[in-house]
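Single-letter residue listing:
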Amino acid sequence: MSASELTLLWLKLAADNHLMRHRDHLPNRLDFSNHAALFLHTHNRSLDGAELGFPIVLREGRLWFPEELAVQSRYSAFVDGGRFVGRFHVHPPNPNGFSAPFFDPQDLACALRSDNPGFVELLLARGRLFVMVRSNPFLYIAGHHVDRNPMLLADQHAEIIRRLGSKEPSDPGYDEHYRKAGMYYFRRYGLALYEGDPRGPLERVFTPEAGW
Ligand SMILES: [Zn+2]
């Protein structure tokens, strides 16, 4: 089996059974390289800094990306005739300012919503493809908290960046500190992280602790 076939198999198993998302069952690599052209195209046509994206659906045994559907913060378990497993979106260069190099506080709050039926979040930023896996189904943020305040995590996230020593996006360590602030939530909420060039397999670079 190729790496992309194994990825598809794991996604199907994990959609059926949350135990397959447990750290002990996470694949070492995930491969979405079959879809790299679509991901890169979405990134490149996002000229004005718009965070374009779409839902990721398992349909008829394969991954399906209903591109006509703009990325939303919330989906039901079935989308466009298939099973919703997560979202893909891009952080393109922003001509008017900062473009987050990693999952931002809104992405994290959205992914962690209690009513999110998905378990993967794909992000293409600065030429890297990141995949967040909700490995622990028992750690989440109540959906109504996120509805009331989508910026729920923003103040704390900014405070972590400040404590690490950065103030402005122009500071030399800012990108690294931004990512470290995001990783705080990966540890806290039992999220796994995969990362790499979208045209190849992605390595698992962070595995949550055995919490359940
Ligand atoms: Zn984002």
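Fair warning: this is a prediction, and the values are worked out from it, not measured in the lab.

Reading the values: rules and limits
Residues numbered from 1 in each chain as written. Predicted model: local features only at pLDDT ≥ 70, side-chain atom pairs only at ≥ 80, totals over all residues. Helix = DSSP H or I, 4+ residues; strand = E, 2+ residues; numbered from the N terminus. Contact = placed C-beta atoms within 7 Å. Core = buried A, V, L, I, M, F, W, Y, C linked by C-beta atoms within 7 Å. Buried ≥ 20, exposed ≤ 12 C-beta atoms within 10 Å, placed from the backbone. Arc of directions from axis to C-beta. Axes fitted to C-alpha atoms, helices over the stretch in contact; angles between N-to-C directions. Parallel < 35°, antiparallel > 145°, perpendicular 65-115°, else oblique. Left-handed = near helix turned anticlockwise from the far one by under 90°. Nonpolar A, V, L, I, M, F, W, Y, C, P; charged D, E, K, R; others polar.

1. With respect to the environment of V71
So, step 1. Its location among the elements puts V71 in the loop between strand 3 (62-64) and strand 4 (78-79).
So, step 2. The sequence separation of V71 and D171 amounts to 100 residues, and the corresponding C-alpha distance is 31 Å.
So, step 3. The contacts of V71, once residues within four sequence positions are left out, are G53, F54, R87 and H89.

2. Brief notes about the nonpolar core
The tendency in soluble globular proteins is for nonpolar side chains to be buried as a group.
So, step 1. Counting 47 residues, the largest nonpolar core has V85, V120, L129, F130, V131 and M132 as the members making the most contacts within it.
So, step 2. Broken down by secondary-structure element, the contributors of at least two residues to this core are helix 1 (3-16), strand 2 (53-59), strand 5 (82-91), helix 3 (105-111), strand 6 (120-125), strand 7 (128-134), helix 6 (174-188) and strand 8 (191-196).
So, step 3. Excluding residues that lie within four positions of it along the chain, L129 makes contacts with F32, F39, L122, L124, G196, P198 and L202.

3. Here's the deal with unusual backbone geometry
So, step 1. Although it is not a glycine, E60 sits at a positive phi angle of roughly 50 degrees.
So, step 2. Here D80, not a glycine, exhibits a phi torsion of approximately 55 degrees, which is positive.
So, step 3. With respect to the helices and strands, the residue D80 is situated in the loop between strand 4 and strand 5.

4. Section: helix 2 (residues 36-44)
So, step 1. Within the span of helix 2, buried status applies to F39, T42 and H43. Summarising the axial view, the buried residues of helix 2 lie within an arc of 100 degrees, below the 170-degree limit, and thus occupy one face. In helix 2, those exposed residues whose orientation departs by more than 90 degrees from the buried face are A37 and N44.
So, step 2. Residues of helix 2 that are buried in the fold lie against strand 5, strand 6 and strand 7.

5. What to know about the packing of helix 5 (residues 154-164) against helix 6
So, step 1. At a minimum axis distance of 9 Å, the contact between helix 5 and helix 6 shows a crossing angle of 130 degrees. Considering the angle they form, helix 5 stands oblique to helix 6. Between helix 5 and helix 6 lies a crossing of right-handed hand. Seen from helix 5, the contacting residues are H157, I160, I161 and L164; seen from helix 6, they are H177, Y178, K180, A181 and Y184.
So, step 2. Among the residues forming the contact of helix 5 with helix 6, the class breakdown is 6 nonpolar, 2 polar and 1 charged.

Note that all results are geometric; they support no functional claim without further evidence.
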